[in-house]
Amino acid sequence: MVDVVIGTFFGDEGKGKIIDFLSQNAKVSVRCTGGNNAGHTINVNGKKFAFHLIPSGILNKGTKAIIGNGVVVNPKVLIEELENLKANNIDISNFYISDKAQVIMPYHVAMDELQEDIRENKIGTTKRGIGPSYCDKIDRSGIRIEDLYSKNFESLVRENVKSKNVIFKNYGYKTFNSEEIIKEYKEYAEYLKSYVTDTVSMLHESIEKKEKILCEGAQATLLDIDLGSYPYVTSSNPTIGGICSGSGIGAKYLGEVYGVLKAYSSRVGEGPYITEQNNEIGDTIRELGHEYGTTTKRPRRCGWLDLVALKYSCMVNGLTGLAVNHVDTIGKLDKIKLCVAYNHNGDINMKYSTNAEYIANCSPVYEEFEGNFGDISKIKRREDLPENAKKYLNRIEELVGVPIKFIGTGADREDMIVVE
Ligand code: IMP
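The present account deals with the structure reproduced in this document. (Residues numbered from 1 in each chain as written. Predicted model: local features only at pLDDT ≥ 70, side-chain atom pairs only at ≥ 80, totals over all residues. Heavy atoms only, no water.)

**A look at the state of the cysteines**
- Within this structure, the stated rule accounts for 0 disulfides.
- Free of any disulfide, Cys339 has its nearest cysteine sulfur in Cys362, 9.4 Å distant. (Disulfide = S-S within 2.5 Å.)

Shown next, in the form of structure tokens:
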């Protein structure tokens, strides 16, 4: 009843496209983790919609779109997104936000900037206040959406501003005025009031009614705070555990767990990336795949697909199917490389490690494939793909042991093979 879409690498795998397809049959779509560090663009009838917070299932008339309790919400960004949808005649009456989601405050954004500035080993965050907001949540000083309507709201803001200002002052940063924040956030609260609800109960009502639910993962496995390449990660659990805790949906309700990847790989921000091609090949992939951030516009680091990391993702998420995007893009190259093992000081294995030093001592073991797939955008059956593409995809499946269920063949919504 509940299907899940998860990124298998460092984000930007093209989850939006699969989500867009699956949500056509979903009665409910839900975001469970992260905040406006995420971003995907969906093309519908020639119009581009950029989503950072709202589940893109909202584009389907009648589908409920829910921001779950595990999300950190910048209300200003959320309101802008809602207004943009309204301006494009998208019905937002089916939008809901959890009363338990955390609120990103202006001091979180500033703290993210300050921390990145003073860090010797930079993470390369999106500077959207994600980490500091999750910090306050774990520290139990965070402000939840429901607090915006509570009599304690003003004192919560004052308390937080007081302690944060000490740090800002210490580093010569601009300090905050709590009364200005209170005024601004009360206005946001008023705007959002009608959308706030107990989404956990709501989701369970849907489960009882046997309504199809789609959990839209954000970020990705290797950016997971626990299971990713710490410290070069985001501050939430974009893996399967975060889907459950960020929505209130228990594991027994889960059905398909789809892992999304590109036929190559990319990463934004710092951190180990063993198959990175910091050379002409990487530049070519970046241009062919338009690999620039939706949220920050940063050029993405690009490289070959890493099956050691993919296998790890399959394992920790319990993936039931794969969606491979950009098969057309990689097929534009003459030769393609696939990382099938790591060589760790002479020991060749498929053991992934999140330890940066271990990874630094590994080198990728590649197999080479023929490219030149030609225009595959209109192909609708896997068996009709050119032999070179089939060989490449078969090898991925063979080495990670999870079936490929979706194959991205082009940029448009319809350019996809759904494997029977
Ligand atoms: P933060 O989530 O802004 O704290 O950033 C932490 C790390 O996660 C940085 O390397 C970001 O570039 C990366 N990151 C966060 N969100 C995304 C995403 O949606 N796609 C790709 N990378 C992301």
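On we go from here.
**Section: the packing of aromatic side chains**
- In this structure the tally under the stated criterion is 10 aromatic pairs.
- Centre to centre, the rings of Phe21 and Phe406 are 5.6 Å apart; their planes meet at 65°, and the pair counts as edge-to-face. Taken together, the residues Phe21 in helix 1 (residues 15-22) and Phe406 in strand 19 (residues 404-408) connect sequence positions 385 residues apart.
- Residue classification places Phe21 among the partly exposed positions, given a relative accessible area of 29%.
- Ring centres 5.4 Å apart and planes at 55° place the aromatic pair Phe95 and Tyr195 in the tilted group. Highlighted residues: Phe95 in strand 7 (residues 95-98) and Tyr195 in the loop between helix 6 (178-192) and strand 9 (196-197), separated in sequence by 100 residues. (Phe/Tyr/Trp six-rings, centres within 6.5 Å; stacked < 30°, edge-to-face > 60°. Helix = DSSP H or I, 4+ residues; strand = E, 2+ residues; numbered from the N terminus. Buried < 20%, exposed > 50% of the residue type's maximum accessible area, 1.4 Å probe, protein only.)

**Let's talk about the pattern of salt bridges**
- All told, the structure shown has 30 salt bridges when counted by the stated rule.
- Here Glu80 ties to Lys76 by a salt bridge, and the two come within 3.8 Å at their closest N and O atoms. Of this pair, Glu80 and Lys76 both sit in helix 2 (residues 75-87), 4 residues apart, which is roughly one turn of that helix.
- Measuring nitrogen to oxygen at the nearest pair gives 2.7 Å for the salt bridge that ties Glu291 to Arg300.
- Owing to a relative accessible area of 1%, Glu291 belongs among the buried residues under this scheme.
- For Arg300, a relative accessible area of 6% gives the class buried.
- Overlapping salt bridges, with partners in common, bring together Asp12, Lys262, Glu291 and Arg300 in one network. (Salt bridge = Lys/Arg side-chain N within 4 Å of Asp/Glu carboxyl O.)

**Focus on the pairing of strand 5 (residues 64-67)**
- The two faces of strand 5 match: Lys64 and Ile66 on one face and Ala65 and Ile67 on the other face are all buried.
- Looking at chain direction, strand 2 (residues 28-31) and strand 5 are connected through 4 bridges and run parallel. Pairing of Val28 across the sheet is with Lys64, part of strand 5.
- Direction of pairing for strand 5 relative to strand 7: parallel, over a ladder of 3 bridges. When the sheet's bridge partners are listed, Ala65 is paired in strand 7 with Phe95. (Pairing = 2+ DSSP bridges.)

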